[in-house]
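Tertiary structure, described
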Amino acid sequence: MTGSLPLRPRLRALRPEAFGADPSGARLERILRSPNFADGVFQNPVGARTRPSGSMAEFAKIYFHKEQRARRSPEAPIPVHPTTLADLAKPPASGLRLTWMGHSSILAEIDGRRVLFDPVWGDRCSPFPFAGPKRLHPVPVPLASLGSVDVVVISHDHYDHLDLPTIKALARTDTVFAVPLGVGAHLERWGVSPDRLRELDWNESTEVAGLTLTATPARHFCGRGLRNQQFTLWASWVVSSAEHRIFHSGDTGYFPGFKEIGAEHGPFDATMIQIGAYSEYWPDIHMTPEEGLRAHLDLQGGTPAGTLLPIHWGTFNLAFHAWAEPAEWTLDAAEGAGQRVAAPRPGEPFEPAGTLPVEPWWRPVSAPIAHPWRTPAPQDLPRGGTRAPDLDLAGER
């Protein structure tokens, strides 16, 4: 038909806005040249199964089981700290302050600069406003009341880390966006100008407002549309100033590369480590709390140091484990290793070098946790029983 678009551009124009955009042009050429891109897709640093194992029948049986579903949500409202501008107006005495906003969203104030990691202020982590995992607690502070941000850091393009309404709101500010290679195509479609994008491959760095931001490897995958062709990269991030260094894991399975990241960029004043949404059905792309602690120790050179902030739990129901299990398991694992761990309520600012929030605030609103990860003491074993091997958190079994 005269004047009509060819089929492919017409179909692309009908693509839901939340799906973002495919890389093209110079961006695509750069992707094809990446040492981490081979056989038509981005590759993980070590092999990883990115699709769940098991059958759909197994999934359905677990997902729709009434008692199991009840475990995956809090039993009462989550106590959110009412963050105010007054909380954040006074500079941190140590120069470093972290505020966990829920899930993987964190405001990091580091030597007078403000970094916002994986901001998700939307009600659902989904391409649709009427379906998909819904937020279990309100955002601690409206995005418009958060104040100016020097740089927004995105770990990858999944919906619970890259949120369309949040990015569109931030696009109206003058903040800079640091993103993994390929993710910039989504942001440009949503109104972020190219001159405000810093798009990095693994082990590349950029300078923003006196901070050095480095995209480091992670073991995960990408995708927002129906095809999920691995054309956008996923990353963990190192942010450093003259005085402080912090690490954000994004989403990742455990892999030996944490030791290399720590040797190159650590040790860190604080790490923000994914410890939720794990499952035996996808063991390669998300860490258990025990693996998250091991990753933290690897990043710190093998010994307890700095502060571990557990993230990627509590805000959205994304796995089969009990809602508060990641927090309980993390406390157990950290205590066993002698590692400092912060347990803030969503929205509660703290300084890693100061007194940490440690009260298990989730217990009054959670069903009892079975603690299946705990190794029984010898006196608790049945007659003739043997103790399971302890995990050497610095490395091997």
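This text follows the structure it describes.
Computed from a predicted model, the values in this text were never measured in an experiment.

1. Considerations on the overall build of the protein chain
The helix and strand inventory of the protein chain stands at 10 helices and 15 strands. Taking all 397 residues of the protein chain together, the buried fraction comes to 53%. Within the protein chain, contacts between residues at least 6 apart in sequence are counted, and of these 69% link residues at least 24 apart. Looking at the protein chain as shown, the accessible area adds up to about 18,000 Å², and 54% of this sits on carbon and sulfur atoms.

2. Overview of the nonpolar core
The nonpolar side chains of a soluble globular protein tend to be buried with one another. In terms of nonpolar packing, the biggest core is built from 70 residues, with Leu98, Val115, Phe117, Leu213, Trp237, Leu309 and Trp362 touching the most fellow members. Per-element tally for this core: the top contributor is helix α10 (residues 325-337), with five residues. In this structure, Leu88, Val120, Phe177 and Phe316 belong to the second largest nonpolar core, which totals 29 residues.

3. Here we look at the packing of aromatic side chains
Applying the stated criterion across every chain, the model contains 19 aromatic pairs. Relative to Phe42, the ring of Phe37 lies with its centre 5.2 Å away and its plane at 85°, an arrangement referred to as edge-to-face. With relative accessibility at 11%, the residue Phe37 sits in the buried group. Overall, the relative accessible area of 2% leaves Phe42 in the buried class. Look at Trp323 and Trp361: their rings are 6.2 Å apart centre to centre, the planes differ by 70°, and that puts the pair in the edge-to-face class. Remark: Trp361 occurs in the segment after β15 (349-350) and Trp323 occurs in the loop between β14 (307-311) and α10; sequence separation between them is 38 residues. Trp361 carries the same exposure label as Trp323, and that label is buried. Aromatic ring contacts, followed pair by pair, group Phe37, Phe42, Trp202, Phe231 and Trp234 into a single cluster. One Lys or Arg, Arg294, reaches over the ring of Tyr254 and ends 4.7 Å from the middle of that ring.

4. Concerning the pairing of β14
A regular strand carries its side chains on alternate faces of the sheet. For β14, the buried fraction is high: five of the five residues fall into the buried class. When strand β13 (residues 270-274) meets β14, the two strands line up parallel, connected through five bridges. What sits directly across from Gln274, in β14, is Ile311. Viewed along the sheet, the connection from β13 through helix α9 (residues 289-299) into β14 turns out right-handed.

5. Here's the deal with the sheet that holds strand β8 (residues 197-200)
In sheet architecture, strand pairing relies on hydrogen bonds along the backbone and comes in two forms, parallel and antiparallel. Spatially, β8-β7-β6-β5-β4-β3-β15 is the arrangement adopted by the seven strands of the open sheet, whose pairing is mixed. Across the chains shown, the open sheet's two edge strands, defined by having one partner strand only, are β8 and β15.

6. Here's the deal with the environment of Leu356
With respect to the element layout, Leu356 can be found in the segment after β15. Leu356 sits 49 residues away from Thr307 along the chain, and the two C-alpha atoms are 8.8 Å apart. Dropping the residues within four chain positions of it, Leu356 is found in contact with Thr307, Arg340, Val341, Ala342, Phe350 and Glu351.

7. Description of empty space enclosed by the protein
Taken as a whole and judged by the stated rule, the model has two cavities of 30 Å³ or more. Its boundaries defined by the atoms lining it, the largest cavity holds a volume of some 110 Å³. Contributing to the lining of the largest cavity are 13 residues, with Gly314, Phe316, Asn317, Leu318 and His321 lying nearest its centre. Across the lining of the largest cavity, the residue classes tally to six nonpolar, six polar and one charged. Roughly 80 Å³ of volume is contained in the second largest cavity. Lining the second largest cavity are 13 residues, with Pro310, Trp313, Ala342, Ala343 and Trp362 positioned closest to its centre. Taken together, the elements giving at least two residues each to the lining of the second largest cavity come down to β14 and α10. With three residues, the single largest contributor to the lining of the second largest cavity is α10. Grouping the amino acids of the lining of the second largest cavity by side-chain chemistry returns 12 nonpolar, one polar and no charged.

8. Some remarks on the pattern of salt bridges
Counting across every chain of the model gives 12 salt bridges. Notably, a salt bridge pairs Glu199 with Arg27, separated by 2.9 Å at the nearest N-O pair. With Glu199 in strand β8 and Arg27 in helix α2 (residues 25-33), the pair connects residues that are 172 residues apart, well separated along the chain. The exposure classification of Glu199 matches that of Arg27, with both residues buried. Its salt-bridge partner being Asp150, residue Arg113 comes within 3.8 Å of it at the nearest N-O pair. Linking Arg113 in strand β5 (residues 113-117) with Asp150 in the loop between β5 and β6 (151-153), this pair joins segments that are 37 residues apart in sequence. In this structure, a network of salt bridges that share partners links the residues Arg27, Glu188 and Glu199.

9. Quick look at the side chain of Thr216
Relative to the helices and strands, Thr216 resides in strand β10 (residues 211-216). Polar side-chain contacts of Thr216 include one of 2.6 Å to the side chain of Ser236. Setting aside its immediate chain neighbours within four residues, Thr216 contacts Trp202, Asn203, Ala235, Ser236, Trp237, Val238, Phe247, Ile261 and His265.

10. Details of the sheet that holds strand β9 (residues 205-208)
Overall, mixed pairing links the six strands, which are arranged β9-β10-β11-β12-β13-β14 in an open sheet. Each edge of the open sheet is held by one strand with a lone partner, namely β9 and β14. Strand-to-strand, the axes of this sheet are offset by a mean angle of 20°, without reference to chain direction. Bridge analysis of strand β12 (residues 245-248) against β13 gives three bridges, and the strand direction is parallel. Opposite Phe247, over in β13, you have Thr271 as the bridge partner.

Cut-offs used in this document
Residues numbered from 1 in each chain as written. Predicted model: local features only at pLDDT ≥ 70, side-chain atom pairs only at ≥ 80, totals over all residues. Heavy atoms only, no water. Helix = DSSP H or I, 4+ residues; strand = E, 2+ residues; numbered from the N terminus. Buried < 20%, exposed > 50% of the residue type's maximum accessible area, 1.4 Å probe, protein only. Contact = heavy atoms within 4.5 Å. Areas by Shrake-Rupley, 256 points an atom, 1.4 Å probe, with all protein chains shown as cover. Core = buried A, V, L, I, M, F, W, Y, C linked by side-chain atoms within 4.5 Å. Phe/Tyr/Trp six-rings, centres within 6.5 Å; stacked < 30°, edge-to-face > 60°. Lys NZ or Arg CZ within 6 Å of the ring centre and 35° of its normal. Pairing = 2+ DSSP bridges. Right-handed = clockwise from strand over helix to strand, strands pointing away. 1 Å grid on protein atoms, 1.4 Å probe; cavity = no way out; pocket = protein on both sides within 12 Å on 5 of 7 lines; lining within 4 Å. Points joined across faces, edges and corners; volume = space filled by probe spheres on them. Nonpolar A, V, L, I, M, F, W, Y, C, P; charged D, E, K, R; others polar. Salt bridge = Lys/Arg side-chain N within 4 Å of Asp/Glu carboxyl O. Polar contact = N/O pair within 3.5 Å; in protein donor to acceptor, adjacent residues only side chain to side chain. Axes fitted to C-alpha atoms, helices over the stretch in contact; angles between N-to-C directions.

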